[in-house]
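Residue-level structure breakdown
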Amino acid sequence: MDKSFIKGLRLIEALALSDQPRGITELASDLELTKSNVHRLLATLVSQGYVRQVPPQNHYVLTTRIWELGNNVIRRMDLTQVARSAMIRLAEQTGETVHLSMLEGVEVIYLDKIESAHHIRAHTSVGARAPAYTVATGKAMLAYMPDEYLDRFDGHMVRYTDTTRTSVAELRQDIRLAREQGYALVSEGEWRDGIAACACAILNRSGELAGAIGMSGPDSRIKRKQLKEIAPHVVAAARAISAALGYAPRP
């Protein structure tokens, strides 16, 4: 058990439950810690963006970082619950694996999935991550991000298969096409060989990106023509989830 980590968590809790900024002496007394210990913990939290000092006494308060993390967890919980019925419907329509993803930095996180009944199918694991630039759900979500967001991939695009995009210029072409179509396609596996996929972004009440729903399967069974035929079902599923989250497109 890491005692320093526990002390840091107790300090965060004390600040979170306080109605006003707290000083080192007061926190040390409440937590039964030395002032030097509290000062060191606060310095670490400040350096990591969780705590800041406020004038005039330069006491300490939490930043919104904790709120952002908690809100992220809540959004995931809401999204998985709301999306489930649309995922089931899409799985029945396509007979392929359906997954729900969320963008986090330069990666996608798989939040939920419905496995295909086929013996040969695309394999993903809930909680697993994949490079956003290599998978359909990632490209569908990147299409809703500002153009400069793609710059963070520069110099970090690893080749996983023969078809993996390895330059931001190539990625921009894919994102431009995804924006034009309203969905993203990967007809030849860029993350794993032999995987074809189609995905569409999900928007929340404010019209902001909430995640993406995608369908994937072996490219031996799903050719580009089939992907094009499946795309309207994926788009419909994304729209149904977006509507359930409160999103209403402008007329």
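Calculation rules
- One numbering rule holds for all chains: residues counted from 1, following each sequence as written.
- With the structure being a predicted model, the display of local features is reserved for residues of pLDDT at least 70 and the display and counting of side-chain atom pairs for 80 or more, all residues being used for whole-chain, interface and lining totals.
- For side-chain calculations, the full set of non-hydrogen atoms in the structure is used, while hydrogens and water are omitted.
- Numbering of helices and strands runs from the N terminus; a helix is a DSSP stretch of H or I covering at least four residues, while a strand is a stretch of E covering at least two.
- Throughout, a contact is declared for two residues whenever any of their heavy atoms are within 4.5 Å.
- Calculation of accessible area relied on Shrake-Rupley with a 1.4 Å probe; when residues are assessed, cover is drawn exclusively from the protein chains displayed.
- Charged residues are defined narrowly, with Lys and Arg counted positive, Asp and Glu counted negative, and His plus the chain ends left uncounted.
- Note that the charge is assigned to NZ on lysines, CZ on arginines, CG on aspartates and CD on glutamates.
- The score called pLDDT rates the predictor's confidence residue by residue, from a low of 0 to a high of 100.
- Ring pairs are drawn from Phe, Tyr and Trp, using the six-membered ring of Trp, whenever the two centres fall within 6.5 Å, and their geometry is named by plane angle: stacked under 30 degrees, edge-to-face over 60, tilted for the rest.
- Type-normalised accessible area, obtained with a 1.4 Å probe on protein chains alone, sets the label of each residue: buried when under 20%, exposed when over 50%, and partly exposed for intermediate values.
- Think of a polar contact as two N or O atoms within 3.5 Å of one another; within protein, one of them needs to be a possible hydrogen donor and the other a possible acceptor, and neighboring residues in sequence only count if both atoms come from side chains.
- Here a cavity means grid points, on a 1 Å grid over the protein atoms only, where a 1.4 Å probe fits yet cannot get out; a pocket means an open set of points with protein on both sides within 12 Å along at least five of seven lines; lining residues are those with an atom within 4 Å of a point.
- Grid points are joined across faces, edges and corners, and a volume is the space filled by probe spheres set on the points.
- The axes used here are C-alpha line fits, helices contributing only the stretch in contact, and every angle between their N-to-C directions lies in the interval 0 to 180 degrees.
- Our angle categories are set so that under 35 degrees counts as roughly parallel, over 145 as roughly antiparallel, 65 to 115 as roughly perpendicular, and the remainder as oblique.
- Ten residue types, Ala, Val, Leu, Ile, Met, Phe, Trp, Tyr, Cys and Pro, are classed as nonpolar, four, Asp, Glu, Lys and Arg, as charged, and the remainder, Gly among them, as polar.
- The criterion for strand pairing is that DSSP finds at least two bridges linking the strands in question.
- We define the nonpolar core as a collection of buried residues of types Ala, Val, Leu, Ile, Met, Phe, Trp, Tyr and Cys that are connected through side-chain atoms lying within 4.5 Å of one another.

1. Points about the overall build of the protein chain
A tally of regular secondary structure across the protein chain gives 7 helices and 8 strands. Overall, the C-alpha framework of the protein chain stretches about 70 × 40 × 40 Å when taken along its three principal axes. Counted over contacts in the protein chain with a minimum sequence separation of 6, partners at least 24 positions apart contribute 56%. Only carbon and sulfur atoms are counted for the fraction: they give 51% of the accessible area of the protein chain, which is about 13800 Å². Charged side chains of the protein chain number 31 positive and 28 negative; the gap between the two group centres comes to 1 Å.

2. Let's talk about the confidence of the model for the protein chain
Per-residue pLDDT for the protein chain averages 88, and the proportion of residues at 70 or more is 94%. Considering each helix and strand of the protein chain separately, the mean pLDDT is smallest for helix α4 (residues 65-94), with a value of 84, and largest for helix α5 (residues 136-142), with 96.

3. Remarks on the packing of aromatic side chains
Here the distance between the centres and the angle between the planes together describe a pair of aromatic rings. On inspection of all chains with the given rule, the structure shows 2 aromatic pairs. With centroids separated by 5.8 Å and ring planes inclined at 75 degrees, the aromatic side chains of Y133 and F153 adopt a geometry described as edge-to-face. Remark: F153 occurs in the loop between α5 and α6 (168-181) and Y133 occurs in the loop between β5 (129-131) and α5; sequence separation between them is 20 residues. For the pair Y133 and F153, a shared accessibility class is recorded, and that class is buried. Judged by centre distance (4.7 Å) and plane angle (75 degrees), the rings of Y160 and W191 are edge-to-face. Here the residue Y160 occupies a position in the loop between α5 and α6, and W191 occupies one in the loop between β6 (184-186) and β7 (195-203), the gap between them amounting to 31 residues. The class of W191 is partly exposed, set by a relative accessible area of 21%.

4. Description of the side chain of T97
Position of T97 relative to the elements: it lies in strand β3 (residues 97-104). Looking at T97, its side chain comes within polar contact range of the side chain of E115, at 3.4 Å.

5. Some details on the layout of surface pockets
Here the second largest pocket defines a volume of roughly 330 Å³. Every residue lining the second largest pocket is counted, 18 residues in all, and those nearest its centre are Y144, C200, A201, L203 and R239. Elements that contribute at least two residues to the lining of the second largest pocket include exactly α6, β7 and α7 (224-244).

6. Points about the packing of helix α1 (residues 3-16) against helix α3 (residues 35-47)
Relative to each other, α1 and α3 sit at 80 degrees, their axes nearing to 10 Å. It follows from the interaxial angle that α1 and α3 lie roughly perpendicular. Within the contact between the two elements, α1 uses S4, K7, G8, L11, I12 and L15 and α3 uses N37, V38, L41, L42 and L45. Here the contact of α1 with α3 is composed, by residue class, of 7 nonpolar, 3 polar and 1 charged.

7. Examining the sheet that holds β3
Sheet architecture is open: 6 strands sit in the order β5-β4-β3-β8-β7-β6, paired in antiparallel fashion. Of all the strands in the sheet, just β5 and β6 have a single pairing partner and so form its edges. Direction aside, the axes of adjacent strands within the sheet are offset by 30 degrees on average. Note: β3 against strand β8 (residues 209-218), 5 bridges, orientation antiparallel. The partner of H99 across the bridge, within β8, is G214. Contacting β6, β7 and β8, α7 runs over the sheet at an angle of about 25 degrees to β7.

8. Looking at the nonpolar core
Counting residues in hydrophobic clusters, the biggest one holds 31 residues, and the most contacted among them are C198, I202, I213, V234 and I241. For this core, the secondary structure elements donating two or more residues are α4, β3, β4 (107-114), β7, β8 and α7. Here I202 is in contact with L79, L100, E208, L209, A210, G211, A212, I213, A238, I241, S242 and L245, once residues within four sequence places are set aside. Counting 26 residues, the second-largest nonpolar core is a separate cluster that includes L142, V168, L171 and A184.

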